[in-house]
Amino acid sequence: MIELVGLTKGFGAQAVLDGIDLAVPRGSFTALLGPSGSGKTTLLRVIAGLDHADTGTITIDGIDVTTTPPGRRGIGFVFQNYALFGHLSVFENIAFGLRVRPRGQRPTRDELRRTVERLLAMVRLDGLGARLPAQLSGGQRQRVALARALAITPRILLLDEPFGALDHAVREDLRNSLKRLQAELGITTLFVSHDEPEALALADHIVRLDHGKLIVP
Amino acid sequence: MPAERAPAERGIGESAALRWLIVLLAVAIAAIMLLLPLLVVFANGLSHGLGFAAAALAAPDARAAIELTLLVAAITVPLNTIFGLCAAWSVAHFRFPCRRLLVTLIELPFAVSPVVAGLIYVLIFGLQGWFGPFLAAHDIQIIFALPGIVLATLFVTLPFVARGVIAQMEAQGVEEEEAALTLGADGWQLFRRVTLPKIRWSLLYGVLLCNARAMGEFGAVSVVSGHIRGLTNTMPLQIEILYNDYNLPAAFAVAALLAAMALATIVLRMALEWRHRRAVARGADAVWLRAA
Amino acid sequence: MAATRIARRRHHAVFPGLRPTLTVTLIYLAIIVLIPLAGLLAKAATFDWAQITATLLNRRSLAAFRVSFGAAAAAAAFDAPIGLLLAWALTRYRFPARRFVDALIDLPFALPTAVAGIALTTLYVDDGWIGGPLAQIGLHVAYTPSGIFVALAFVGLPFVVRTLQPVVVDLERDAEEAAMTLGASPWQIFRRIILPPLLPALLTGVAMAFARGVGEYGSVIFIAGNRPAISEIVPLLIVTRLEQFDYPGAAVLGSAMLALSLLLLLAINALQRGSAIARRRAHAG
């Protein structure tokens, strides 16, 4: 689970985050809702370690990760524009997190292959391992991004506007996939959205943000 | 490098005659201003036949000049490449104060006259310079020797790699690298697996240009080298000596060699661009980094 | 929930490697660029004001500045329409040898200046391929200030063309077609729709060509004639002072050139930024 205590970033009226205290229950599917400029993406990035807050602490499963680098917080991040490695195949994208592990912890070739293929099946992209990201549709890229993040068995899954750039039918399909996956894996999931109906459909918990502050209902 | 738009079938209503006139003018101008000087070099270099040119290049002073030029390039290009990569890494990934100033400083050698570039090293290391007496006392030669030439060349070619790579990194953004960070990559893995494949075109082209300039630099090297025949003459300086000695065929023979280098640079650049464009069209960002 | 306020933290960088790369960058820049340039200014400062003005404002120096600036300005101005023509033809039209011409544009960038120098001299000398016909009609180029102009036009051309090309590629064709449907003639379209967005880039390219031309040495000294007060450029004057061991004099001239280079660099950067902003705004519309 995630515990945020006293996170602030920025000053006064331009404070991007203004004293965030939040506890995200383990295994929950939580949505961070808010208008643009509310600080929700910044909050997500701060939790991931891609940005730093000026004050406050971040605790994941009891461990203080406030100063831990993003690669060692046990988080998986899915970017709004997928951020797939354009020069690597789908297979290699998903395998990336496993390949860069320290020597002692790296899986063998067979283990790696099995893991990646399992993930490809999980996101229903079987057989597309050799393709390049540019040869995929938006929805397919999103699923690769998801598989890539899950490959490192993170404790927490963070998604930044995961369906933002996709059209309606694809979104619905992906939503259901994501919900199913999350239920299956039981992984604590936090995602940012500005689309309220979608958030309500997906999440168990809703957290609202405005001008860097939590809106308590 | 943006993809080309669909060509001129969509015009602005200009007549075909006008188009051809413009094209003809453009080709004529390119031929007169650009092609002719190139042809003159080869025509004069080979005016006495290939054998003569080869002999001119094998003459002791010419050979020494060629070796010195290659040595200088072999030292300066790797150094400036490493610098360029370091500079690009820090500028693209970090928002530190005076970032813009740093980039401007890196571009400064472009704006400075080559003679001034040589002058500044003479003023520091020359006999009347800051370190002059110290160097003389310890019998260290910088000006009128290889170190001075290397320094002046480093100055003049400093921006080539840095600029290209910085521009490309800023254009491409850091999202892929952020993703790699979340996946657990450390600094070296990040650079090797994500950054380097993405910047390879601008890096290669920057290295090419850096090399061309390092081999061809004249003004700066002229000031620091002392023109000692057989010792501190690079190819461009040797050209000047031969030319001033009225030995035109030999001067142009050496010039033709450098011109061939310039042509190779241009052709390589075209090839790089062509491959890059095809890679983009094919939907790959080229896969030379084969899956491990 | 009570908020825990810790004292404001220093941010760790997100990406690794800031300290080593920044250190290398700064040290390298200091050794290669900053300290030597400081040395230049320090040496120039050993002169007092009277000596400095004497060095800069004597007849020979002033003439050299006039020659360098004049030729560079003329060449840059000449390169503007030529460069525009070339950029336009290369981007908008398809013709045989287009790729070849496009590659040729890079020649002055890649060709060593000494090679260009002797090539241009041989070309424009009174019995050269171009100089010959010109001499017939009484025009002498080599060993005159015109020679400097020709050399600088050669050297500056790619700056104009390469700065213009991406902007020409990015032009909004829809706007041109709209103008066509509204009955504008090609010339009107060019003047009113096409040229305005190109002007910032054109200006930038011209400024870059000018900046390069003012300091150019190798391409010029063979074809120039190098007669003091007539066809002597400032870089040559600096070299002459050095050969006479007048270090402070050379430093003063060099500092003047450096100051000018800095000004031009800042101006060019400002132009580039303005041009980029204008393009972004045009695209957002």
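Read on for an overview of the structure.

### Looking at the pairing of strand β9 (residues 205-210) of chain A
Residues and elements named next belong to chain A.
And step 1. Bridge count for strand β3 (residues 29-33) against β9 is four bridges, and the pairing is parallel. Bridge assignment links Leu33 to a residue of β9, and that residue is Arg208.
And step 2. Of the strand pairs in this sheet, β9 and strand β10 (residues 213-215) are connected by three bridges, and their pairing is antiparallel. In the strand pairing of β10, Arg208 is matched with Ile215.

### Points about the sheet that holds strand β2 (residues 17-24) of chain A
Residues and elements named next belong to chain A.
And step 1. Judged by pairing direction, the sheet is antiparallel, and its four strands sit side by side in the order β2-β1-β4-β5 without closing on themselves. Each edge of the open sheet is held by one strand with a lone partner, namely β2 and β5 (63-64).
And step 2. Alignment of strand β1 (residues 2-9) against strand β4 (residues 55-60), held across five bridges, turns out to be antiparallel. Bridge assignment links Ile2 to a residue of β4, and that residue is Ile60.

### Observations regarding the interface of chain B and chain A
And step 1. Contacts between the two partners involve 22 residues from chain B, matched on the other side by 24 residues from chain A.
And step 2. If you list the elements that add at least two residues to the side of chain B that touches chain A, you get α9 (175-182) and α10 (187-216) of chain B.
And step 3. If one sorts the elements of the side of chain B that touches chain A by residue count, α9(B) sits on top with seven residues.
And step 4. Considered class by class, the residues forming the side of chain B that touches chain A number 13 nonpolar, four polar and five charged.

### Some thoughts on helix α1 (residues 40-48) of chain A
Since the α-helix advances by 3.6 residues per turn, residues separated by three or four positions end up pointing in the same direction.
Residues and elements named next belong to chain A.
And step 1. Most of α1 sits out of view: nine of its nine residues are buried.
And step 2. For α1, the complete set of buried residues consists of Lys40, Thr41, Thr42, Leu43, Leu44, Arg45, Val46, Ile47 and Ala48.
And step 3. Note on α1: the residue one or two positions beyond its end, Gly49, has a positive phi of about 95°.

### Description of the interface of chain B and chain C
And step 1. Between chain B and chain C, the residue contacts involve 76 residues of the former and 76 residues of the latter.
And step 2. Tallied by class, the residues present in the side of chain B that touches chain C amount to 56 nonpolar, eleven polar and nine charged.

### Considerations on the pairing of strand β7 (residues 156-160) of chain A
Residues and elements named next belong to chain A.
And step 1. Within β7, five of the five residues are buried, leaving the element largely enclosed by the surrounding structure.
And step 2. Side chains Ile156, Leu158 and Asp160 project from β7 onto one buried face, and the interleaved Leu157 and Leu159 project onto a second face that is buried too.
And step 3. As paired strands, strand β6 (residues 75-78) and β7 are joined by four bridges and run parallel to one another. Each residue of the ladder has a partner; that of Gly76, found in β7, is Leu157.
And step 4. Each parallel crossover has a hand, and for β7 linked through helix α5 (residues 168-185) to strand β8 (residues 188-193) it is right-handed.

Reading the values: rules and limits
- Residues numbered from 1 in each chain as written.
- Chains lettered and ligands numbered in written order.
- Predicted model: local features only at pLDDT ≥ 70, side-chain atom pairs only at ≥ 80, totals over all residues.
- Pairing = 2+ DSSP bridges.
- Helix = DSSP H or I, 4+ residues; strand = E, 2+ residues; numbered from the N terminus.
- Contact = placed C-beta atoms within 7 Å.
- Nonpolar A, V, L, I, M, F, W, Y, C, P; charged D, E, K, R; others polar.
- Buried ≥ 20, exposed ≤ 12 C-beta atoms within 10 Å, placed from the backbone.
- Right-handed = clockwise from strand over helix to strand, strands pointing away.

The quantities given are spatial measurements derived from coordinates; they are silent on function.
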